[in-house]
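Understanding the architecture of this molecule
Residue strings, one per chain:
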Amino acid sequence: MRRTLVRNGSLYTRNLLHHSALALAASSRPQFRLFSSNENPPPVPQIDDVNNKELKAQIETYFKGDEKVLPSIMEAILKRKLSGNHEDTDDELMEELRMRPLDDVDDRDFESDFESIHDTDEEIDDLYNARDVVMKRMVKDEYFNMDDKKWDDIVEDGIKHGLLRDTKECEEILEDMLSWDKLLPDDIKQKVEVKFNELGDMCERGELEPEEAYEQFKKFEDEIVAKYLDKMEKEEASQFDDTVVPDKKKDLDDPPGEGPILRWQTRVVFAPGGDAWHPKNRKVKLSVTVKELGLSKYQFRRLRELVGKRYHPGRDELTITSERFEHREENRKDCLRTLLSLIEEAGKANKLVDDARSSYVKERLHTNPAFMERLHAKSMRLRESNQVPA
Amino acid sequence: MASGSLKNMLSVAMNQGVVEARARIFGHQLNPTGMKTPHKLLRMKLFGEKVAQWYPHDIKKDDPLVMARQEQERLSKLEMLKRRGKGPPKKGQGRRAAKRNK
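These numbers come from a predicted model, not from an experiment.

Re the interface of chain B and chain A
- Each side of the interface is counted separately: chain B has 19 residues, and chain A has 23 residues.
- Note on chain B versus chain A: buried area summed over both sides is about 1,900 Å², and carbon and sulfur give 62% of it.
- The largest per-residue losses of area from chain B upon contact with chain A belong to B:M14, B:I25 and B:F26, which jointly make up 37% of the total buried on that side.
- Where chain B packs against chain A, one counts 1 salt bridge.
- Two residues, B:R24 and A:E345, come together in a salt bridge whose shortest N-O distance is 2.8 Å.
- Going through the elements one at a time, α1 (2-14) and α2 (18-26) of chain B are the ones with two or more residues in the side of chain B that touches chain A.
- It is α1(B) that provides the largest number of residues to the side of chain B that touches chain A, a total of 8 residues.
- By residue class, the composition of the side of chain B that touches chain A is 10 nonpolar, 6 polar and 3 charged.

A look at the packing of aromatic side chains
All names here are of chain A.
- Using the criterion set out here, one finds 2 aromatic pairs over all chains in the structure.
- Both rings, one in F300 and one in Y311, keep their centres 5.8 Å apart while their planes meet at 80°; by these two values the pair is edge-to-face. Of this pair, F300 sits in helix α14 (residues 297-307) while Y311 sits in strand β3 (residues 311-312); the two residues are 11 residues apart in sequence, bridging distant segments of the chain.
- Classification of F300 as partly exposed rests on a relative accessible area of 24%.

Side note on helix α15 (residues 328-347) of chain A
- Taking 1.5 Å per residue, 20 residues should reach 28 Å; α15(A) reaches 29 Å between its end C-alpha atoms and fits that length.
- The set of residues buried in α15(A) consists of A:N331, A:D334, A:C335, A:T338, A:L339, A:L342, A:E345 and A:A346. Projected onto a plane normal to the axis of α15(A), the buried residues spread over an arc of 135° and lie on a single side. Looking at α15(A), the residues exposed on the side facing more than 90 degrees away from the buried face are A:K333, A:L340 and A:E344.
- Each element contacted by the buried residues of α15(A) is listed here: β1 (262-266), β2 (284-289), α14, β4 (317-322) and α16 (349-367) of chain A together with α2 of chain B.

Digging into the sheet that holds β2(A)
Residues and elements named next belong to chain A.
- Overall, antiparallel pairing links the 4 strands, which are arranged β1-β2-β4-β3 in an open sheet. Two strands bound the open sheet, and with one partner strand each, they are β1 and β3.
- Of the pairings in the sheet, the one linking β2 to β4 comprises 6 bridges and is antiparallel in character. Of the residues in β4, the one forming a bridge with K285 is T321.
- In this fold α15 packs onto β1, β2 and β4, with an angle of close to 135° to the strand it touches most, β4.

Describing the pairing of β4(A)
All names here are of chain A.
- The sheet contact formed by β3 and β4 spans 2 bridges and is antiparallel. Within β4, the position partnered with Y311 by the bridge is L318.
- Linking β3 to β4, which pair antiparallel, is a turn of 4 residues; within it D316 sits at a positive phi near 55°.

Things to note about helix α5 (residues 64-83) of chain B
- In this model α5(B) runs 29 Å from its N-terminal to its C-terminal C-alpha over 20 residues, within 8% of the 28 Å that 1.5 Å per residue would give.
- Positive backbone phi, approximately 80°, marks B:G85, located one or two places after α5(B).

Some remarks on the pattern of salt bridges
Residues and elements named next belong to chain A.
- Scanning all chains against the criterion turns up 13 salt bridges over all chains.
- Between E323 and R282 there is a salt bridge, with the nearest N and O atoms lying 3.7 Å from each other. Of this pair, E323 sits in the loop between β4 and α15 while R282 sits in the loop between β1 and β2, and the two are 41 residues apart along the sequence.
- Taking the shortest distance from any N to any O, the salt bridge between R337 and D334 comes out at 3.1 Å. One end of the pair, R337, and the other, D334, are both in helix α15, 3 residues apart, so they sit about a helical turn from each other.

Analysis parameters
Residues numbered from 1 in each chain as written. Chains lettered and ligands numbered in written order. Predicted model: local features only at pLDDT ≥ 70, side-chain atom pairs only at ≥ 80, totals over all residues. Heavy atoms only, no water. Contact = heavy atoms within 4.5 Å. Buried area = accessible area lost by both parts, 1.4 Å probe. Salt bridge = Lys/Arg side-chain N within 4 Å of Asp/Glu carboxyl O. Helix = DSSP H or I, 4+ residues; strand = E, 2+ residues; numbered from the N terminus. Nonpolar A, V, L, I, M, F, W, Y, C, P; charged D, E, K, R; others polar. Phe/Tyr/Trp six-rings, centres within 6.5 Å; stacked < 30°, edge-to-face > 60°. Buried < 20%, exposed > 50% of the residue type's maximum accessible area, 1.4 Å probe, protein only. Expected span 1.5 Å × (residues − 1). Arc of directions from axis to C-beta. Pairing = 2+ DSSP bridges. Axes fitted to C-alpha atoms, helices over the stretch in contact; angles between N-to-C directions.

Remember, this is a structural readout, not a statement about activity or role.
So, in structure tokens, the structure goes:
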């Protein structure tokens, strides 16, 4: 025991020589107390403890450049902490290390990943000149400060120059990506789900390893996809063989012709105040292309007689104006009612013409004597045949 | 000749009743005899309120005290005129009546 005390005392004196006299006076007392307390415990924990010499040697090797020693140093520090015999010495050591700056640390090693992961904006030297900076960047990079209008211009240019030829196909692909859940039919989804559940249950029971289950599921998925592709190819082949022409009329929801059939012209006057009524807002003008109405020759001529100057033959346009009521919507109804009445009235022409033609034919037959004789004889014969059974 | 007559007959039949139909659809008033009718007056929109609101509303007429004071002033002024011999003339002695006698 005396030998160990002497050795420890010599170590402490060496360490204390580095500090000033005040430090000597402050730290000498607790160390001696520690020495007196060491006599009581048995020598077993001292064996696990790390000496000051060993720790100092490891720290010196680390400072010299050997970074592999760092874990062992940490372990030593932890052991000393757990033993609790060297608290004051470790505190002094921490103070020493805190004063020393570390020159060997490489910042690049820490920041290389950060720079590759996160791209930060370049710093602007002169913030008072932000407008010029933005203009320069816009000149350099076409896609800087992207705007809806700019994007529309880019798309328009692409369509003009032929880069974006099939816009509908692109839209279809985007829709498929948006609703990818609905691409496959339901029966295939159910099959995949059932298989997945089976494999999951087997894993839970312990019959299969997760890796094997994953491989089996992958094979199953590939088989399902291959079957689906074959099915699609067969369907396409059958369609091609049958030369089935799809009925496009069902898909189109646009009426035939270009533009709307009824063209409305109204005026909206914005006046101050809550009431939106204004006398100029009453008038409504309705234009129709007469060809769209599907009238026959005689109906068309009757319509022209009915409407008079309202019909413009150059543009084949019929214009109906109404300002009879106080409110615009009432006038719109009146225009529509007038148009329907005109169409109905023009439709009567066919019947009138047919009646006139038939009456003309009857008159011509009446004036023909030969026909009248034959008709008379025939009627007489019919009467005689009728009288016989009576 | 027959085809000509047939075409004429068809055109006449086609345009049969066009005038009455036009009048009914567009709301016209037929007057084949050319007599005077009140349709023009009846067709006009009611514009009495529009004419009446030509002059703005005078809120003095709503206050009886103000009207009474004005009436009192008028009467007193008339009395003063009569006292000075400047009041309104009696019936039959005015300028127009005198002119009529001549």
